[in-house]
Amino acid sequence: MATINLVDLHKDYGNSHAVRGINLSVADGELIVLVGPSGCGKSTLLRMVAGLETVSSGRIEIGGRDVVKAEPAERDIAMVFQNYALYPHMTVRGNLEYGLKNRGTPRAEIDRRVNEAAEILEIGPMLDRKPRQLSGGQRQRVAMGRAIVREPAAFLFDEPLSNLDAKLRVQMRVEIRKLQRRLKTTSLYVTHDQLEAMTLADRLVVMNGGLVEQIGTPTEVYDRPATLFVASFIGSPPMNLLPVSALGNTQGLNLPAGTDMVGIRPDQMHLEPRPGATALPATAELLEPIGGESHLHLRLDSGHSVILSVPGRPSITEGTAVTVYIEPAALHPFDSKTGRRTDA
Amino acid sequence: MQTKRTIFPNKLLPYVLLLPQLAVTLIFFIWPALQAVKSSFEREDPFGFRTTFIWFENYTRLFADPNYVNSLSRTAVFAVSVTILSMCVSLLLAVAVNRVLRTNRIYTTLLVWPYAVAPVVVGILWWFIFNPTIGILPYMMRGLGVAWNPRVNGDQAMILVIIAASWKQISYNFLFFVAGLQSVPQSLTEAAAIDGAGPFKRFFTIVLPLLSPTTFFLLIVNINYAMFDTFGIIDATTSGGPNQATNTLVYKVYADGFLGLNIGSSAAQSVILMLIVIALTAIQFRFIERRVQY
Ligand SMILES: Nc1ncnc2c1ncn2[C@@H]1O[C@H](COP(=O)(O)OP(=O)(O)OP(=O)(O)O)[C@@H](O)[C@H]1O
Ligand SMILES: [Mg+2]
């Protein structure tokens, strides 16, 4: 159990700046997900917390203790790697015990914890196998087990599910969430899968180019993206971003001063008239049915492309003229020069 | 892995293509080996007029000869020492280089050079360095009060050939160890660091076990090298002396056959050496088949 505090954290590799001043406070027992495009510095940040990467400047506190100069072993954290990093020459049991033995934990205590972890993760029957005799999902469980037997102050996960197939990924995601709720261990979780990010996180940290774009609960981030980047990064299909001019007459919309871009979620654009809604004429270009809903690609008469997500499978053929209705409340106003929200 | 098979339209062609290699092998390896086996069962009179077939007498005499048994044990000491010394030093160097490899290739290149030096040159090099009258090391050792003279002292002569032979083999081992270390995923040592293992513990519990295929392979190769490939080094430094102190099996084959002109005994010795090589090679092949298993 511990809090984690990152204060103005920087990491430079020569002239390239991987992390450029991050401030973050993680509450005790909280699960924070770091999400962002490839190369934005998520792994670097996590590895600095783990002590596997030196810090260029700034402070890292785990449980109130400054650990910037501490060895990884002294930080009381456990890490789950993307490739699992199981010791191939040891049995599953050996893998689980290794960290405890190194710390001189008494034999009885080691056995108790290993058996408990094996039970929680349902890897009991595999304890005497070598990692190469396990499936990807089982290896993932062992990697989790190695982290939980240590009973550390914090878990660090670096894209732990990205090597699994889609179905197993969903299943393991749910298990990680349950496990974390049960153990109440402070966790930092890195992913670039936004669905994983939205479902797991107590709070999301959206990163871009070594900087934090927004910190907030998944709903906050989804409902009120703080920047254009977050607006386009979170949500699938992504939010439609249009210049204000594409809306035609903006008199009744009450857009804040400085607004020159607006964002609209694909499910907030409608094909039926709504009271008070702005009507935009458009042409249908493509209809993608994806089960319960469909993605409709339209070209507005102003020349901009947008995507609508509409329930069911509307019978619209390509080339048909349609009208899109947008309620003023659904608009997210941005200033494209600063990239920030204007109604903050 | 997919192997591509070529189908020759002409049945004879593949054999013709293999012929040069087969001919070389037959003329320079198989035939002399058979000759050696034949001579090992014969005795030649001092003038070379008559050879008699004497069955295993050459062999029984050999094992009754204290000189030969002595040479066997010296060879064992020599081979084990060379193997351990060259492997430990090269592993140490490989670990050091592995830490900086991405930034410094020159270092690696320099460490590989000794392998390209001819054995006799290696021998002469170390002969000079350890030469009691003109060498730099004996000069320094005299300063420390150690009397160094490998021409008189058998143990010192042995140390000299062990160092010379190890030095040459270090670069070969080094290359394999670097490659082996490079293939140990960095995330494993990182996981171990988080798991509370210090640098030495990480090395001995994670890296070394994962290097074991490489280590075993090098073990066999080095024993082979020390036992059979060190003739040039010994000839150039000590010539088997003083008083048989560095007369290893391979050197003794040469000394008895070409200097002592006892062809029968020399042939019997080389047959025994051949059997040892075959045994070592068999162990190596059996192992390589299973090398992926940790
Ligand atoms: N050892 C290194 N030396 C130099 N540059 C590095 C090093 N490690 C990372 N970088 C750079 O730092 C930046 C951030 O890398 P990082 O691995 O943290 O990205 P990431 O957000 O984890 O991306 P991904 O989602 O692809 O894993 C990248 O531009 C990368 O090229
Ligand atoms: Mg990464």
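In this text, all values refer to a predicted model and were calculated from it rather than measured experimentally.

Asker: How would you sum up the site of ligand 1? Please name residues and give values.
Answerer: Residues and elements named next belong to chain A. Within the structure, ligand 1 sits among Tyr13, Ala18, Ser38, Gly39, Cys40, Gly41, Lys42, Ser43, Thr44, Glu159 and His192. Interatomic distance of 3.2 Å between a backbone N/O atom of Cys40 and an oxygen atom of ligand 1. Here Ser43 contributes a side-chain N or O atom positioned 2.6 Å from an oxygen atom of ligand 1. Summarising the interface, the protein chains cover 57% of the accessible area of ligand 1, which totals 630 Å² for the free molecule. Classifying every residue of the shell around ligand 1 by side-chain character gives three nonpolar, six polar and two charged.

Asker: Lay out the packing of aromatic side chains with the relevant residues and their values.
Answerer: Ring pairs (aromatic) are described by centroid distance and by the angle formed between their planes. All chains considered together, the criterion is met by 12 aromatic pairs over all chains. On the basis of an interplanar angle of 25° and a centroid distance of 5.4 Å, the ring pair of Phe231 of chain B and Tyr251 of chain B is categorised as stacked. Of this pair, Phe231 of chain B sits in helix H10 (residues 231-237) while Tyr251 of chain B sits in helix H11 (residues 249-259), and the two are 20 residues apart along the sequence. Among the residues examined, Phe231 of chain B registers a relative accessible area of 27% and is labelled partly exposed. Between Phe231 of chain B and Tyr254 of chain B, the aromatic rings sit 4.8 Å apart at their centres with planes inclined by 75°, giving edge-to-face as the arrangement. Of the two residues, Phe231 of chain B is situated in helix H10 and Tyr254 of chain B in helix H11; the sequence distance between them amounts to 23 residues. Positioned above the aromatic ring of Tyr87 of chain A, the side-chain terminus of Arg146 of chain A is 4.7 Å from the ring centre.

Asker: So, the interface of chain A and chain B: which residues are in play, and what are the values?
Answerer: Contact with chain A, which involves 24 residues of that partner, is made by 18 residues of chain B. Here chain A meets chain B over a buried area of about 1,700 Å², counting both sides, of which 58% is carbon and sulfur. At the junction of chain A and chain B, the tally comes to two salt bridges. A salt bridge links Glu190 of chain B to Arg47 of chain A, with the shortest nitrogen-to-oxygen separation between them at 2.7 Å. Run the count over chain A and chain B and you get 13 residue pairs in polar contact (both at pLDDT 80 or more).

Asker: For the pairing of strand S10 (residues 211-216) of chain A, give the residues involved together with the corresponding values.
Answerer: Residues and elements named next belong to chain A. Both strand S9 (residues 203-208) and S10 contribute to a ladder of five bridges, which runs antiparallel. Across the sheet, the residue bridging to Val205 is Ile215, located in S10. Two successive antiparallel strands, S9 and S10, enclose a turn made up of two residues, where Gly209 displays a positive phi of approximately 55°.

Asker: Quick one: what's the story with the side chain of Thr105 of chain A, residue by residue and with numbers?
Answerer: All names here are of chain A. Its location among the elements puts Thr105 in the loop between helix H2 (92-102) and helix H3 (107-121). Exposure remark for Thr105: the relative accessible area of 18% places this residue in the buried category. Looking at Thr105, its side chain comes within polar contact range of the main-chain oxygen of Leu100, at 2.9 Å. Those residues in contact with Thr105 that sit more than four places away from it in its chain are Leu100 and Ile110.

Asker: Residue-level account of the nonpolar core, with values.
Answerer: Nonpolar side chains in soluble globular proteins tend to be buried together. Residues and elements named next belong to chain A. Among the nonpolar cores identified, the biggest contains 44 residues, and Leu6, Leu45 and Leu188 are the most heavily contacted of them. At five residues, the largest contribution of residues to this core is made by helix H1 (residues 42-50). The contacts of Leu45, once residues within four sequence positions are left out, are Leu6, Leu9, Val19, Ile22, Leu34 and Met207. Counting 43 residues, the second largest nonpolar core, distinct from the first, contains Val33, Leu134, Ala147 and Tyr189.

Asker: Can you break down the domain arrangement of chain A residue by residue, with the values?
Answerer: Residues and elements named next belong to chain A. Under the domain assignment, chain A is made up of domain 1 (4-230) and domain 2 (245-341). Each of domain 1 and domain 2 was reduced to a C-alpha centroid, and the two centroids are 39 Å apart. Of the residues lining the interface, nine residues belong to domain 1; the matching set on domain 2 comes to eight residues. For the pair domain 1 and domain 2, the summed buried area comes to about 790 Å², and 53% of that belongs to carbon and sulfur atoms. When the area that domain 1 buries against domain 2 is broken down by residue, the three leading residues are Tyr222, Pro225 and Leu228, summing to 59%. Linking domain 1 to domain 2 there are zero salt bridges. Put simply, domain 1 and domain 2 have four residue pairs in polar contact (both at pLDDT 80 or more) between them. For the side of domain 1 that touches domain 2, the leading source of residues is helix H7 (residues 218-223), giving three residues.

Asker: Could you give me a rundown of the environment of Asn70 of chain B, with the residues and numbers involved?
Answerer: Within the secondary structure, Asn70 of chain B is located in helix H3 (residues 66-100). Spatially, the C-alpha atom of Asn70 of chain B lies 9.0 Å from that of Ala245 of chain B, the residues being 175 residues apart in sequence.

Asker: Which residues make up the sheet that holds strand S5 (residues 65-66) of chain A, and what are the values?
Answerer: All names here are of chain A. With antiparallel pairing, the four strands of this open sheet are ordered in space as S2-S1-S4-S5. Looking at the sheet topology across the chains shown, the edges are occupied by strand S2 (16-26) and S5. Relative to S5, strand S4 (residues 57-62) is paired through two bridges, and the arrangement is antiparallel. Across the sheet, the residue bridging to Ile62 is Arg65, located in S5. Its contacts with the sheet put H1 on strand S1 (4-13), S2 and S4, and the angle it makes with S1 is roughly 115°.

Asker: Before we move on, could you go through a nonpolar patch on the surface and cite the residues and values that matter?
Answerer: A grouping of Val24, Leu26, Ile27, Phe28, Phe29, Ile30 and Leu34 of chain B is seen on the molecular surface, where their side chains present a nonpolar patch of about 730 Å² in accessible area. Structurally, Val24 of chain B can be placed in helix H1 (residues 13-39).

Asker: Can you tell me about the UniProt feature "transmembrane region" (unreviewed entry) in chain B, naming the residues and giving the values?
Answerer: All names here are of chain B. Here, the residues flagged by UniProt with the feature "transmembrane region" (unreviewed entry) are residues 12-34, 76-98, 110-130, 157-181, 202-221 and 267-288. Secondary structure content for residues 76-98 is 100% helix and 0% strand, while the C-alpha to C-alpha distance between its ends is 32 Å. Overall, residues 157-181 shows 100% helix and 0% strand. The separation of its end C-alpha atoms is 35 Å.

Asker: Give me unusual backbone geometry: which residues, what numbers.
Answerer: Residue and element names in this part refer to chain A. Of note, the bond from Ser236 into Pro237 is cis; its omega dihedral lies within 30 degrees of zero at -5°. Of note, the phi angle at Asp76 is positive, near 55°, even though the residue is not glycine. Residue classification places Asp76 among the partly exposed positions, given a relative accessible area of 37%. In the Ramachandran plot, Tyr84 falls in the positive-phi region, its phi being about 75° despite a non-glycine side chain. Mapped onto the elements of the fold, Tyr84 is located in the loop between strand S6 (77-80) and H2. Looking at Tyr84, the relative accessible area reads 7%, which means it is buried.

What counts and what doesn't
- Along each chain, residue indices are assigned from 1 in the same order as the chain's sequence is written.
- Chains and ligands are labelled by the order in which they are written, letters from A for the one and numbers from 1 for the other.
- Local features are withheld for residues below a pLDDT of 70 in this predicted model, meaning they are given only at 70 or higher, and side-chain atom pairs are given and counted only at 80 or more; totals for whole chains, interfaces and linings count all residues.
- Heavy atoms throughout the structure, all of them, feed into the side-chain values; hydrogens and water do not.
- What makes a residue near a molecule or strand is one non-hydrogen atom of that residue sitting within 4 Å of it.
- Between N or O atoms, a polar contact is any pair within 3.5 Å; within protein, one atom must be a potential hydrogen donor and the other a potential acceptor, and residues adjacent in sequence are included only when both atoms are from side chains.
- Where accessible areas are quoted, they stem from the Shrake-Rupley method and a 1.4 Å probe; at the residue level, only the protein chains shown are allowed to cover.
- Just so you know the grouping, Ala, Val, Leu, Ile, Met, Phe, Trp, Tyr, Cys and Pro go in nonpolar, Asp, Glu, Lys and Arg go in charged, and all remaining residues, Gly too, go in polar.
- What counts as a ring pair is set by centres within 6.5 Å for rings of Phe, Tyr and Trp (its six-membered ring), and what kind of pair is set by the plane angle: stacked under 30 degrees, edge-to-face over 60, tilted for all other angles.
- Numbering of helices and strands runs from the N terminus; a helix is a DSSP stretch of H or I covering at least four residues, while a strand is a stretch of E covering at least two.
- Using a 1.4 Å probe on the protein chains alone, a residue whose accessible area is under 20% of its type maximum counts as buried, one over 50% counts as exposed, and one in between counts as partly exposed.
- Note on geometry: a ring has a charge over it if NZ (lysine) or CZ (arginine) is within 6 Å of the ring centre and within 35 degrees of the ring normal.
- Contacts are assigned to residue pairs that have any heavy atoms within 4.5 Å of one another.
- Accessible surface is computed with a 1.4 Å probe, and the buried area is the amount of it that two parts give up when combined, taken over both parts together.
- Any Lys or Arg side-chain nitrogen located within 4 Å of an Asp or Glu carboxyl oxygen qualifies as a salt bridge.
- Two strands pair if DSSP finds at least two bridges between them.
- For the purposes of this section, nonpolar cores are sets of buried Ala, Val, Leu, Ile, Met, Phe, Trp, Tyr and Cys residues that join through side-chain atoms within 4.5 Å.
- Delimitation of the domains relies on an automatic or database domain assignment.
- Here the axes come from fitting lines to C-alpha atoms, over the contacting stretch only for helices, and the angles between their N-to-C directions go from 0 to 180 degrees.
- Without a salt bridge and with relative accessible area above 30%, a residue can belong to a patch; like charges are then joined within 9 Å and nonpolar side chains (Val, Leu, Ile, Met, Phe, Trp, Tyr) within 5 Å.
- UniProt positions are given in the numbering used here, feature names are shortened, and annotations may be inferred rather than shown by experiment.

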